[in-house]
Structures are given as C-alpha cells and as structure tokens.
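One letter stands for each residue in the lines below.
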Amino acid sequence: MSNMQLDTLRRIVQEINASVSLHDSLDIMVNHVAEAMHVDVCSIYLLDERNKRYVLMASKGLKPEAVGHVSLNIGEGLVGLVGQREEIVNLDNAPKHDRFAYLPETGEELFNSFLGVPVMYRRKVMGVLVVQNKEPQDFSEAAESFLVTLCAQLSGVIAHAHAVGNIDVFRKPTSGSTYKTFQGVSGAGGVALGRAIVLYPPADLTVIPDREAEDISEELELLDQAIASVRKEIQSLDEKMQDSLMSEERALFSVFLRMLDENALPSEIKDHIRAGSWAQGAVRKVIDKHIALFAQMEDDYLRERVSDLKDLGRRILACLQEADSSHRELSPDSILIGEEISTAALVELPVDNIAAIVTSEGAANSHMVIVARALGIPTVVGVTELPITTLDDIEMIVDAYQGRVFVNPPRRLRQRYKEVQKEEEQIAKDLKQYETKDAITPDGVSIPLFVNTGLMIDVVRGVQRGAKGVGLYRSEIPFMLRERFPGEEEQRAIYRQQLSHFANKPVIMRTLDIGADKDLPYFSIEEENSALGWRGLRFTLDHPEIFSAQIRAMLKASIGLNNLHILLPMVTSVSEVEEVLYLLERDWIAVQEEEQVKITRPKIGIMVEVPSVLFQISEFAELVDFFSVGSNDLTQYLLAVDRNNPHVANVYSHFHPSVLRALSRLVEDCHIHQKPVSVCGEMAGDPLSAILLMAMGFNTLSMSSSNILRVRKAICHVPMADAKQLLDNVLQMNNPLVIKSWLEHYFKTHGLADMVKSNRLVSA
Ligand code: PEP
Ligand code: MG
C-alpha cells in the first residue's frame, strides 16, 4: 500500500472513530473512498438480518434518493454474490455477469467495473462495500487490500451500532427501554435478575454512563466548581511553564481558558444538565461532540487538537469525580457492569449485594472470574458489544450459564428466569445432602476433594462442604486486598487462619503468583506479552526478599499444626526449583533457630502449568514431593490461546484432545515416580471433566467451594468403570465440542441432567 493510501486510511479511520452515528461513519467512508480511489461510485450495503436483505445505506455516486430505500434479496445481484462467497468480487464488465441485477432507482447501468468487498465481523457477513467505475477496468491488488483494511475497521463500527441499537435504522426508531440481548462468555454459572450498576475507572470520559440528574441545581453547582478549579489548574500550569515554554507553545493554555469561558463549553454542558443529565454525562456528551467536529477538520493542526480537548474533558471530569460523594449503595440485586473489573475492586464491595457481574473484556478463567466463582456470583465476561455507558440503572437478566445478557427484558422472559432461579434453589437444596457424603463412586473408588481458597469465605464454605483439605491457597489474593506488600507478621497471621481452619488436613499454599492478569494495585507490571512474562516464580526468584518473607511467614504460621505444603507456580525449569529448595532450606533452619522450635519440613510441590514441565517429570520428581496441574494456564500455553481474550474464547477448552492426552500421560509419569498428582485448575470443578480426571487416575481434585457439591454428586453417581469407558471414547475424538457433548449425553441419560448447564437453558 502506498504512503498516500496509508495516510488516507489513517484519516478515514480517525474520522470514523470520532463520528457520532453510524450514518455519519458510512457517509464519511463512501465519500473518502470515492475520492481516494478516483472512482465514480462507492456504496455500502448492510445486511438486514431480519428481512434477509442488503439495504443500500450510503453512497457517493448513486442517486441519493436510492439510499435507505433500495435493497436486494440476500442472494440477489453481485452484492449478494460477494456476501454468499464471503470474498472479493472484482469485475471489469459487471453488467455482463449473469448475477448482475439491474436496479433502475440507482442509475447503476452506467457503470461497468465493479469491486465488491464483504464486511465481515467474527466470521459473519455484515454488509458489502462496492466501488464502481464507468470505464471498464480491473481494480488493482492494492485497491483490493485498501478496501479490505477499511472494511475490517468498518465491521467493528457496525457491530457496535448493532449493539447499541442504531442499526434499527432498518426499522423503527429505538427508545431507551428497548429489549436487547448480548452474548459473552460464561464465567461463573447461575442466573440473576437485577439492575445494572456501572463501575467505571476514574477520569475516563469514554466510560461515563448516561444517568439522570437527581438534583439539577446541585449538578449545575458541581459543574461550576469543577470549571473554576480547572481554570485555576490551567492558570497555574501556564505560570509554571513561563520559563520553560515559548509563548506560542503556551498558547494552548489560553485556548483552554477560552473554551472554559462561561458561554463556551460550560454553557453547552449546562444545557445538557438542564435537560436532565448528570454533570459527568453532560461533560462526556459535549466533549464527544467537539471531538467529532475537530476530527473532520482539514487542517492537520486543528485535527491534532483532539487530544487536547480530551485532556480538558478529563480534567473537568476528575474534579467532578473528586466532589462526587454520591457513592451509591449497592442494593441486593445489583448487577455490576464494567469494561474490566479487577479482583481488588470486586472484593472491596459488599459482595452479598452483587447479584451478577458482566464485563465487556476478559475471559472465563481470569482471576476476577475465579474469585467471583468462589463467591458464587453469576458472571459473564467478554461481552464485547456491551454499550456500557447506556446501561446504568437499567433492568437486566444475566444468564451466566449461556453467557447471555438481556437488557430491558420483557415480562415473559423475567417470569421464565424467576422459575429458573427457583429450580436453581431446588438444585442447591438437593445438593446439600452431599455436604456430609464422601466422594466415592458406586463401584467403591474414593476421590478426595479439596478446596481452592484465597478469601476467608472460601475457607468457611470449604469446611462446610466437607473439603478434605486445601488443594490450592492462592496467596496473591490477600496481597491484592492491601495497599502495599504485607509484612512477614501480617502474612503469618493470614496464613495461620487458613492452616488452623484445616488443622489435621493438608493445606497447600502456593507462593505468590503475580504477573499477567494478577496485578497488585501497588505494583503493576506493564509488559507487552505478560502471560509469557515476569510472573509467578520468575518474579519471586528475582525478589528473594519478598519470597523469603512469605516462606518465613508460612513456616511460622505452621508451628504446631504441621499441615503446611508449599506449591510453586509457573515453574519452567529444574534449576528454578533447585534455587527455591536452597532458599527454603535456609529459611527453614533460620526460623527454627529464631523461634526455638522444631518445625515439620513442609512438603514441596510444583504446578504443572508450563508445557515444558510435562517432558521432565522424572527430573522434577527427584526434587519435589507432589505435582498439581494448573489446568487454566496449562490449557492457555498448550493451545497458545490467551485465557483472558474474549476473541479467542471459543478456542480455549479443557476438552481439547491435546489437553486430555497430555494429562493422561502426566498421571502415568507421576505415578511411575510414585508422586501424587492433583488438578487444581477450573477443570477439576467442572463435573464433566472431573469424571475424566478421575478416570485418568489423579489422586485428588481441588476446586472452588461453589463446585464441590456438584462434583461430589457426579462422582457418587458415575462408576469408575463407566468413567474409564468415557475416557477411552473421548481420547479417540478430535473435536472439543464433540467431546463435551458426548459427556453431556452420558450425564443426561444417567440421572445427572441437572449437572449439565445446557439443560437449564432458556431460549429467548
Ligand atoms: C491454573 O492456572 O490452573 C491455576 C490453578 O492457577 P491460576 O488460575 O491462579 O493461575
Ligand atoms: Mg495458573
């Protein structure tokens, strides 16, 4: 692509991103493309799925009155051909083609050459972009790639418009209470009915929700105060920069101050407030409008001012947020909505009042989701099209089994989901009987079930649900809840609680596993490729002072209880474990000397998360006492698929044959070396996969407390002989979806239908 084309591309993309409506985006696109490619016509047809027609939505060159009126059947004409084939159609003499459809309303017969490019989003055709010329000509490869690049951008804009309801231009206009559904990825199961509470990061204009002002005069006053303090801030910046910037470089400050004049931005913002918006939402609307205007300007200098305008908006917003003391109470049916919600932000809230969580980013095994699952909160993540800013205080249903979110649901659907909730309560009641049972198969094989902990609530629920010990204590969770690294004594007290609640039972404490998606609020690790970066043991070995404080705290906490086991996360190489063993020995001797007591030497294990470990079990077995599979990370690294990326969530599956085969071999290897091996990733907490793990021969399974009873029930119902047969069957299959359905079928036909999520689906 030439530099000129790249420039044009950049410009179009910038303008589209700044435009306020889908119509504007499409118009910008057709005008610029026609100009840049010197073609007579550029048109965009969008697929109206309900009526199965391509509607002409924008055109430069065809008769303007045709726009919005002319449409083609889904299989009709060259446009239909592009959509059907999902590929480019490039013709020098289109009217000669047998699929050419003559549309008299458009004046199309004049044009000979035709280049049509499908607009694809997530493997689906959303529309077709067409350029046409009077002169017969073959469009070049460069022209094709130019349009392909643009269409990829356009697809995101259209998907977003669909999501917020704009695409209803095909039909009736939308209102604020339109019923809409969104699809994401199921995080933690369950269903909830409630009202949305949008959580947004501070001073970020793009995520400020629309909200009605509770008291208009109060909002006007808040705005006045905010504007006054931003003015002050800018004046003092100007003074501070007098010596270091030339006067023309400081001109920006006077531009800012002029924008803050009462009859400039503030008066526009106030208009929105008087119309009923809260001040923060009004600021967002006005700044957005001006950004769109600036972005269309021809002058490069003025276009570049967009970032200054954003800066000014952020400053006003920061002042408003500082003054905002109206932190709303969470009512018991609150559904938290956000782009991303961190574990720390979640646990800071009164969790009993959180009915569900929905985020536009993230994927099923992110850290926040694991914590939400432990807390039993239905969670849907990766709802990429969620129009977050429009959802505040809106009624919704979250079906976390299907990963679906219903906004402004109709009464019939609400009723149906209330019934589902009742069924859920019934299932939970039935499961209660499993609190006191052991997980023993009908043919007499016992599989001890352990609990994964982090928060105190996991410990309480784990004990109540009869866990045989703690299979994974995620020690980073208490680190996340603080404002600095906790000291040795602080840690000792935390660990003691865990160990003493499970006195006489093993407690496997994992050393600090931060990095990747497990960020500490006070120690952020910014990396390009964080999943492959400085995380887990890689981090703690570089910080022996942090590592040692933790080990010493664990050892001290275990005095007299003797149930401490230590587990190392993200192990890649034997040498790392050798280093740890050296540090451990040193700390073990030192703590005993200091405390003048004998401390039982803890058993040491490693997590099998990095595939390299799979091939060196014999070497590791010489150094450690046990193995524990972190199937969340192992799946991520075996399949090379980011566990947090919603775009590839469909590729991430612990039913992938490679995962199953790797685990089967791993168990054999560990047992050859007489080392116990367990699974503590989410795979162990899914009844379908738990049965396979049991058949493979894992010694124990460890899971979130919210899954223990379900898995125990499954084990009590599935004879080992059947489980082995199922394992044999699925090891010969190569499609994760087929494997899952195979297992589901068995469950449904053997009295375990309520363990199968898809059985509780509601179609809407
Ligand atoms: C895992 O990776 O499976 C695991 C248990 O660790 P975490 O989810 O905390 O990374
Ligand atoms: Mg892990």
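The text that follows walks through the structure, step by step, so that each part is easy to find. (Residues numbered from 1 in each chain as written. Chains lettered and ligands numbered in written order. Predicted model: local features only at pLDDT ≥ 70, side-chain atom pairs only at ≥ 80, totals over all residues. Heavy atoms only, no water.)

## Side note on the environment of S186
To keep things clear, this is the line we draw: Secondary structure elements are taken from DSSP: a helix is a run of H or I of four residues or more, a strand is a run of E of two residues or more, and numbering for both begins at the N terminus. We call two residues contacting when some pair of their heavy atoms lies within 4.5 Å. Polar contacts, as counted here, are pairs of nitrogen or oxygen atoms within 3.5 Å of one another; within protein the pair requires one atom able to donate a hydrogen and one able to accept it, and residues that are adjacent in sequence qualify only if both atoms are side-chain atoms.
On the secondary structure map, S186 appears in strand 8 (residues 185–188). Each C-alpha atom, one on S186 and one on D399, is 8.4 Å from the other, the two residues being 213 residues apart in sequence. Setting aside chain neighbours within four positions, we find S186 in contact with A364, T379, A400, Y401 and G403. Of the polar contacts made by the side chain of S186, one reaches the backbone oxygen of A400; its length is 2.5 Å.

## With respect to the pairing of strand 19 (residues 603–608)
Applicable threshold: Exposure categories follow from relative accessible area, calculated using a 1.4 Å probe and restricted to protein chains: below 20% of the type maximum is buried, above 50% is exposed, and the middle band is partly exposed. If you view a crossover with the strands going away from you and the path from the first strand over the helix to the second runs clockwise, you call it right-handed. We call two strands paired when DSSP finds no fewer than two bridges between them.
Of all six residues that make up strand 19, five are buried, and the element is covered over most of its length. The handedness of the strand 18 (residues 564–568) to strand 19 crossover, carried by helix 19 (residues 574–595), is right-handed. With four bridges joining them, strand 19 and strand 20 (residues 626–629) adopt parallel strand pairing. From the neighbouring strand, M607 faces strand 20, where its bridge partner is S628.

## Regarding the state of the cysteines
For clarity, the cut-off: Cysteine sulfurs are considered disulfide-paired once they come within 2.5 Å of each other.
If you walk through the whole model with that rule in mind, you get zero disulfides. No disulfide involves C680; its sulfur sits 13 Å from that of C670, the nearest cysteine. Taking relative accessible area as the criterion, C680 reaches 1% and is therefore assigned buried.

## Notes on the coordination of the magnesium ion (ligand 2)
Heads up, the rule is: Donor atoms are limited to N, O and S found within 2.8 Å of the metal ion, a distance that becomes 3.2 Å for Na, K and Ca. With water left out, some sites might look partial.
Around the magnesium ion (ligand 2), the protein contributes the donor atoms E609 (OE) and D633 (OD), which lie 2.0 Å from the metal centre. A residue pair is termed long-range when its members are at least 10 positions apart, and E609 in the loop between strand 19 and helix 20 (611–614) and D633 in helix 22 (residues 631–638) qualify at 24 residues. Both residues of the pair, E609 and D633, belong to the buried class.

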